[in-house]
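Reading the structure
This is what each chain is made of:
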Amino acid sequence: FEAMHDRRTYGTTGARIIVRTELAGRPMGHVFPVRPEPPWTYQATVNGTDQLQKIELVRNGETVHEIQPDVESADLEFEDISPPPGAVNYYLRVTQSDGHMAWASPHFIPG
């Protein structure tokens, strides 16, 4: 229940995909109390149940980084050297070759 309260959870379409994400050293779901100085490093590890077709990092509703690993486990790292002004959120979207998907809880950064 603590993990759900702290938004350190993720959703899938049923496949037992494992997703771990971090932004500036903070786990998924973290709400930053103040805006940290850029650059901000986003890191993720995904362990799928089938080939990972696409892993996307979404910032404020738009994909800013994408990899197409075609393996069952992959890491993603992205350094946002010039994030947009105002409030920013990031989340990870995973798509496997079998159509199953996963979404990480977002990180929230104030404006």
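Scroll up to find the structure this text is about.
The sections below set out a description of the structure shown in this document. No experiment lies behind these values; they were computed from the predicted model shown.

Scoring rules and cut-offs
Residues numbered from 1 in each chain as written. Predicted model: local features only at pLDDT ≥ 70, side-chain atom pairs only at ≥ 80, totals over all residues. Heavy atoms only, no water. Helix = DSSP H or I, 4+ residues; strand = E, 2+ residues; numbered from the N terminus. Rg over C-alpha atoms; globule rule 2.2 N^0.38 Å. Buried < 20%, exposed > 50% of the residue type's maximum accessible area, 1.4 Å probe, protein only. Contact = heavy atoms within 4.5 Å. Areas by Shrake-Rupley, 256 points an atom, 1.4 Å probe, with all protein chains shown as cover. Phe/Tyr/Trp six-rings, centres within 6.5 Å; stacked < 30°, edge-to-face > 60°. Pairing = 2+ DSSP bridges.

Once that is clear, we can look at the overall build of the chain. Per the secondary structure count, the chain includes one helix and ten strands. Starting at the N terminus and ending at the C terminus, the chain contains elements arranged as α-β-β-β-β-β-β-β-β-β-β. Over its C-alpha atoms the chain spans a radius of gyration of 14 Å, differing by no more than 12% from the 13 Å that the globule rule assigns to 111 residues. Judged by the C-alpha coordinates and their principal axes, the chain covers about 40 × 30 × 20 Å. Going through the 111 residues of the chain one by one, you find that 32% of them count as buried. Summarising the internal contacts of the chain: among those between residues at least 6 apart in sequence, 61% fall at separations of at least 24. When the accessible surface of the chain is totalled, it reaches about 6,200 Å², and 49% of it is carbon and sulfur.

The next point concerns the packing of aromatic side chains. Applying the stated criterion across every chain yields a total of two aromatic pairs. An aromatic cluster of at least three residues, connected via ring pairs, comprises Trp40, Tyr42 and Tyr90.

Bringing the sheet that holds strand β4 (residues 40-47) into the picture now. Strands sit in the order β3-β2-β4-β7 across an open sheet of four strands; the sheet is antiparallel. Each edge of the open sheet is held by one strand with a lone partner, namely β3 (26-27) and β7 (73-80). In this structure, β4 lies alongside β7, joined through eight bridges in antiparallel fashion. Of the residues in β7, the one forming a bridge with threonine 41 is glutamate 79.

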